[in-house]
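# Per-entry structural report
Single-letter residue listing:
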Amino acid sequence: MKIKKVTLVFTIKNTFVLKDIALLKSLGYSVLLIHSPPHKDPFRFFYNRIREFVLCFFYAFQSQAIISWFNDYHTFFPLLWAKLFGKISTIIVGGYDAVSSSELEYGIFYKNNFRQKLVRLNYRLSDHIWVVNKTLAKGCEKAKADSKTYSGILTFIPNLKTPILEVPTAYDSTFWKLEELKQKKTVLTVANIYDERTFKRKGIPLFISLARALPFHRFTIAGIKPLNLKLDNLPKNIHLLETQTRRELKALYSQNQFYFQGSKIEGLPNVLCEAMLCECVPIGNAVFGIPDAIGKTGLLFVKETSIDILTGFLNKNPQRMGCEARKRIQKAYPLKRREKAFIKMLSKIND
């Protein structure tokens, strides 16, 4: 029996990439991987492009489909070979590849350069585009009001003919579950924060303001690289942690009562959904996929929301809302939903 193969191209081996690899394997596919980490160094940059060109020539010949997580330089040659070999191609869009923010200096469409032109071409070359949240296709007006962020693939390429489908990431509720006793008056946020721009984009200034306003609460930031940032005069009730393992994250989610997602730009935040599955009560900025995840199980805020409203909510003890948060993620983003999307896409392959 001939083994079916799929090529998956990605830049960083994030949790959602690993989940898709496992999901494709569970469907009976052998997954050929092209890992192209982002590099600013010219030698490494061009080495990645040459490697993609050569590897994907051989992989595309063997594969039934080519999938790229995010749209960037690493996407072009895989899509080109897919087109030449007549193989199905899909781009999975997560956020950066569908936005432009001059205020935050962020997004693939922020600068009008060769990189942006290549991304536009990639969207036209692909057979399918998956977005983790519908706002990445049509745009998010609240993000424009919040941080002057323009968004949505169709905002930048209004005449695009490639079909766009909303396919959210999925979460394993058998792993992400409450396993420890919740500690009252505890607030957690998780983000890979390595510079000042990311610090601002993830909403950490507001998180710090909340800590100052609530000195008897314990606030934790996980994933921060404090050596790269000027973090002077932090409130004493803020605890800093660097990058955590999955099990360490599960323990943190389980221990903390509230989860804060203050991001100004996000597709569908994995850490928010994981925290909600561990029965954290969510508080989030009402942009992109954050409102879809939270619904009525927590507190949504906008730029104009008074800090008193946020501190008032954090002073409550809404235990039932944590249970409701878990149920919401279980219902909205099960593994079966993403599995069905892969099956439908791959069923179009002509053997």
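Everything below is about the structure printed above this text.
Quantities reported herein were computed from a predicted structural model and do not represent experimental measurements.

The rules behind each value
Throughout this description, residue numbers start from 1 for each chain and increase along the sequence as written. Predicted model: local features are reported for residues with pLDDT of at least 70 only, side-chain atom pairs are reported and counted for 80 or more only, and whole-chain, interface and lining totals are derived from all residues. To obtain the side-chain values, all non-hydrogen atoms of the structure were used and water was disregarded. By convention a nonpolar core is built from buried Ala, Val, Leu, Ile, Met, Phe, Trp, Tyr and Cys residues, the set being connected through side-chain atoms within 4.5 Å. Partly exposed residues are those whose accessible area sits between 20% and 50% of the maximum for their type, while under 20% is buried and over 50% is exposed, using a 1.4 Å probe and protein chains only. Think of it this way: any DSSP run of H or I at least four residues long counts as a helix, any run of E at least two long counts as a strand, and we number them from the N terminus. In this description, contact between two residues means that some pair of their heavy atoms is separated by no more than 4.5 Å. For helices, the axis comes from a line fit to the C-alpha atoms of the stretch in contact; other axes are also lines fit to C-alpha atoms, and the angle between any two N-to-C directions lies between 0 and 180 degrees. Geometric relationships in this document are graded by angle, where less than 35 degrees denotes roughly parallel, more than 145 denotes roughly antiparallel, 65 to 115 denotes roughly perpendicular, and other angles denote oblique. Crossing handedness follows the turn of the near helix against the far one: under a right angle anticlockwise gives a left-handed crossing, and clockwise gives a right-handed one. Classification convention: Asp, Glu, Lys, Arg as charged; Ala, Val, Leu, Ile, Met, Phe, Trp, Tyr, Cys, Pro as nonpolar; all other residues, Gly among them, as polar. In short, DSSP must find at least two bridges between two strands for them to pair. Helices are assigned an expected span. That span is 1.5 Å times one less than the residue count. The crossover handedness rule: strands pointing away from the viewer, path from first strand over the helix to second strand clockwise, crossover right-handed.

Our focus in this paragraph is the nonpolar core. Counting residues in each nonpolar core, the largest one holds 76 residues, and the members touching the most others are Val93, Tyr123, Ile153, Tyr253 and Tyr259. Element by element, the count of residues in this core is highest for helix α11 (residues 270-277), at 6 residues. In this view, Tyr259 contacts Leu188, Thr189, Val190, Tyr253, Val271, Leu272, Ala275, Cys280, Val281, Pro282 and Ile283; residues no more than four positions away in its chain are not counted. Ala191, Ile193, Leu210 and Phe313 belong to the second largest nonpolar core, which has 24 residues in total.

Let us now look at the environment of Glu141. Checked against the element boundaries, Glu141 lands in helix α6 (residues 141-147). Judged by relative accessible area, Glu141 falls into the exposed class, the value being 58%. Measuring from C-alpha to C-alpha, the distance between Glu141 and Ser36 comes to 33 Å, with 105 residues separating the pair along the chain.

At a minimum axis distance of 8 Å, the contact between helix α2 (residues 42-62) and helix α3 (residues 76-85) shows a crossing angle of 30°. When the axes of α2 and α3 are compared, the pair comes out roughly parallel. Seen from above, α2 lies across α3 with right-handed handedness. Between α2, through Arg49, Glu52, Phe53, Cys56, Phe57, Ala60 and Phe61, and α3, the contact on the second element is made entirely by Phe77, Pro78, Trp81 and Phe85.

Now for the packing of α11 against helix α14 (residues 319-332). Between α11 and α14, whose axes approach to 7 Å, the crossing angle comes to 125°. Taken as axis vectors, α11 and α14 run oblique relative to one another. The element α11 and its partner α14 pack so that their crossing is left-handed. Contacts between α11 and α14 involve Cys273, Met276 and Leu277 from the first element and Gly322, Ala325, Arg326, Ile329 and Gln330 from the second. For the contact of α11 with α14, a count of residues per class yields 5 nonpolar, 2 polar and 1 charged.

A sheet is described by the order of its strands in space; here 6 strands give the open sequence β11-β10-β9-β12-β13-β14, paired in parallel fashion. A strand with exactly one partner marks an edge of an open sheet, and here the two such strands are β11 (238-241) and β14 (299-301). Strand after strand, the sheet turns through a mean of 20° between neighbouring axes, direction not considered. Where strand β12 (residues 256-261) and strand β13 (residues 281-285) come together, 4 bridges link them in parallel fashion. Counted as the bridge partner of Phe260 is Ile283 from β13.

Glancing now at the environment of Val119. Here Val119 is to be found in helix α4 (residues 114-125). For the pair Val119 and Pro158, spaced 39 residues apart in the sequence, the C-alpha separation amounts to 14 Å. Those residues within four positions of Val119 in sequence are excluded, and the remaining contacts are Asn71, Asp72, Ile108 and Phe109.

Looking now at α4. For the α-helix, the turn length of 3.6 residues means that residues three or four positions removed from each other point alike. The end-to-end C-alpha distance of α4 is 16 Å, a good match for the 16 Å that 12 residues give at a rise of 1.5 Å each. When we look at burial in α4, the residues that qualify are Gln116, Leu118, Val119, Asn122, Tyr123 and Leu125.

When you tally the buried positions in strand β4 (residues 88-93), you get 6 out of 6 residues, the bulk of the element. Here β4 shows a buried face lined by Ile88, Thr90 and Ile92 and a second buried face lined by Ser89, Ile91 and Val93. Across 5 bridges, strand β3 (residues 65-69) lies against β4 in parallel orientation. By the bridge assignment, Trp69 is partnered in β4 with Ile92. A crossover links β3 with its parallel partner β4, the connecting element being α3, and its sense is right-handed. The sheet contact formed by β4 and strand β6 (residues 128-131) spans 4 bridges and is parallel. Looking across to β6, one finds that Ile92 is bridged to Trp130.

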